[in-house]
Structures are given as C-alpha cells and as structure tokens.
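Each chain, letter by letter, is given below.
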Amino acid sequence: VPIVRDEAHRDAVMAACEVLEQRIAALRWQDEPVRVRLDRRDLPTPDKRWEWVRKGVPFIVELGPKDLEKGSIAVTDRLALDAKKSFPPVEEFLAGLTQALDRHDRTLFDEVLAFQRARTRDDIATLTEFRAFFAEDGAGFVRAWWSEDESSLEKIEDLGVSVRCLPYEQPDGEGRCVLTGAPAKRRAIFAKSY
C-alpha cells in the first residue's frame, strides 16, 4: 500500500513500490511465486488497509516517503496478537518473507486442526445420541459408523445434517450404523451444511 500524502512524493513512492512488488513476486514459496498486489487505487490508506485485512492477506506492507528515507517498510502481520506495525529494513523483510509465510501457514493449519478436533465427537453410537448432539448445539462433526445406505439419511433430514465425507483412513473391523444399527464397515463424518 503506497503512502502518498504529498503529490511531490508520488512518483518516488510509486516507483519504489513497483520495485518492491517485483522483488516480492520473484520470491518462491511452496514452489509458487509469492503473490503480491500493489494497491494503486486512489482511496484513503485506511480504507485500502482495512480491505486487505478483510481479505485475509498475511502481511500488509506500506511504503511512504519516510520509509524511503530510512530504507525500511511498515509491515502489519495479520496474525500478530497486538497487530502493531513493525518497521524492518526492506532487505531483512525480503530475506525472511518465505519463513514468515511458513509460520503463517503452520499457525493457521494448527488452529483449524485444533478447532476441528475440539468440535468432532467420536463417541456417538446411537440415533438418539446423534439427534441429541445436533439438536442441542448443532455445530460440529460426528465421526460414526455408517452403513452407506442412502435411505438411512432420511432419518436425519429434519436436522439439516448429512454425510460430509468418508475419510480415507478407516479403522479395522466393523461396527453398527449410527442411524440404523445395521452392520457398517466404514465411518463417516456427519455435519450440518451452512
């Protein structure tokens, strides 16, 4: 996001932003070029910054005349708890960007995995327990034995619950279908669709 408060600095700031955009795009992360967007729109800086926050970009990089003088940039890390800007030198930011993207990727993955595990029930074995879980809270997942009989899903239509997936990793043996009590060889993940 270019910071231009005085038209006298516009050309220098925009030129520096274009160079920075090219240098970031030349970096590779997970075998792909790092995606970067230079926001050239004629909008107030806070509006541009907030739009990028809402889109979930990991880093918002701002560059203005004072940054040019210092050889630094202003960086907002979306995952930083305090959301304060840091002001690293450009070279330091570029040298650590792929590692920072790795940290973001790992942090987001770990948070989602922890959320999924906290919201997944493996102990529901009967239709009564199943209905109680989804009627009470409704948010979450149930991993349970399922006979794969499509007609059994009629029993839970009123809950708005369906089979979301059949995991590749299945336990050995078999169990009883949570919906019908019939023999079942696979476990399914059930949840509400939103």
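Okay, so let's go over this structure. (Residues numbered from 1 in each chain as written. Predicted model: local features only at pLDDT ≥ 70, side-chain atom pairs only at ≥ 80, totals over all residues. Heavy atoms only, no water.)

1. Comments concerning the overall build of the protein chain
Helix and strand counts for the protein chain come out as five helices and 11 strands. By the compact-globule yardstick of 16 Å for 194 residues, the protein chain is too spread out, its C-alpha radius of gyration being 25 Å. Looking at the protein chain residue by residue over its 194 residues, the buried ones come to 33%. About 12,600 Å² of surface is accessible on the protein chain, with carbon and sulfur atoms providing 52% of the total. Side-chain charges of the protein chain comprise 31 positive and 36 negative groups, with the mean position of each set lying 1 Å from the other. (Helix = DSSP H or I, 4+ residues; strand = E, 2+ residues; numbered from the N terminus. Rg over C-alpha atoms; globule rule 2.2 N^0.38 Å. Buried < 20%, exposed > 50% of the residue type's maximum accessible area, 1.4 Å probe, protein only. Areas by Shrake-Rupley, 256 points an atom, 1.4 Å probe, with all protein chains shown as cover. Lys, Arg positive; Asp, Glu negative; His and termini not counted. Charge placed at Lys NZ, Arg CZ, Asp CG, Glu CD.)

2. Looking at the packing of helix 1 (residues 10-25) against helix 4 (residues 90-118)
Between helix 1 and helix 4, the shortest axis-to-axis distance is 10 Å and the interhelical angle comes to 25°. Taken together, helix 1 and helix 4 sit at an angle that is classed as roughly parallel. Helix 4 is crossed by helix 1, and the crossing has right-handed handedness. Of helix 4, the residues touching helix 1 (which contributes Leu20, Arg23 and Ile24) are Val90, Glu91, Phe93, Leu94 and Leu97. (Axes fitted to C-alpha atoms, helices over the stretch in contact; angles between N-to-C directions. Parallel < 35°, antiparallel > 145°, perpendicular 65-115°, else oblique. Left-handed = near helix turned anticlockwise from the far one by under 90°. Contact = heavy atoms within 4.5 Å.)

3. Quick look at the environment of histidine 9
Position of histidine 9 relative to the elements: it lies in the segment before helix 1. With relative accessibility at 34%, the residue histidine 9 sits in the partly exposed group. Along the primary structure histidine 9 and arginine 176 are separated by 167 residues, whereas in three dimensions their C-alpha atoms are 72 Å apart.

4. As for a negative patch on the surface
A cluster of acidic residues, Asp149, Glu150, Glu154 and Glu157, forms a negative patch on the protein surface. Here glutamate 150 falls in the exposed class, since its relative accessible area comes to 56%. (Patch = residues over 30% accessible without salt bridge, like charges linked within 9 Å, V, L, I, M, F, W, Y side chains within 5 Å. Salt bridge = Lys/Arg side-chain N within 4 Å of Asp/Glu carboxyl O.)

5. Focus: the sheet that holds strand 5 (residues 85-86)
Spatial ordering of the open sheet is given by 3-4-5, a layout of three strands whose pairing is antiparallel. The sheet terminates laterally at strand 3 (59-62) and strand 5, the two strands that pair on one side only. Both strand 3 and strand 4 (residues 74-77) contribute to a ladder of four bridges, which runs antiparallel. From the neighbouring strand, valine 61 faces strand 4, where its bridge partner is valine 75. (Pairing = 2+ DSSP bridges.)

6. Quick word on the layout of surface pockets
A probe as big as a water molecule, rolled over the atoms, marks out the empty space that is left. In this structure, the largest pocket occupies an estimated 820 Å³ of space. Around the largest pocket, the lining comprises 31 residues; the ones closest to its centre are Arg35, Val36, Val57, Pro58 and Phe59. For the lining of the largest pocket, the secondary structure elements donating two or more residues are helix 1, strand 2 (32-33), helix 2 (45-55), strand 3 and helix 4. With six residues, helix 4 is the single largest residue contributor to the lining of the largest pocket. In terms of residue class, the lining of the largest pocket is built from 20 nonpolar, three polar and eight charged. There is about 270 Å³ of room inside the second largest pocket. Lining the second largest pocket are 13 residues, with Ile3, Arg5, Gly64, Lys66 and Asp67 sitting closest to its centre. Take the lining of the second largest pocket: its biggest share by element is three residues, from helix 3 (residues 65-70). (1 Å grid on protein atoms, 1.4 Å probe; cavity = no way out; pocket = protein on both sides within 12 Å on 5 of 7 lines; lining within 4 Å. Points joined across faces, edges and corners; volume = space filled by probe spheres on them. Nonpolar A, V, L, I, M, F, W, Y, C, P; charged D, E, K, R; others polar.)

7. What about the sheet that holds strand 11 (residues 186-192)?
Taken together, the four strands give an open sheet; going across it, the order is 6-7-11-8, and neighbouring strands pair in mixed fashion. Two strands lie at the open edges of the sheet, namely strand 6 (120-121) and strand 8 (161-165), each paired on one side alone. The sheet contact formed by strand 7 (residues 141-146) and strand 11 spans five bridges and is antiparallel. Residue pairing across strands places arginine 143 opposite isoleucine 189, the latter belonging to strand 11.

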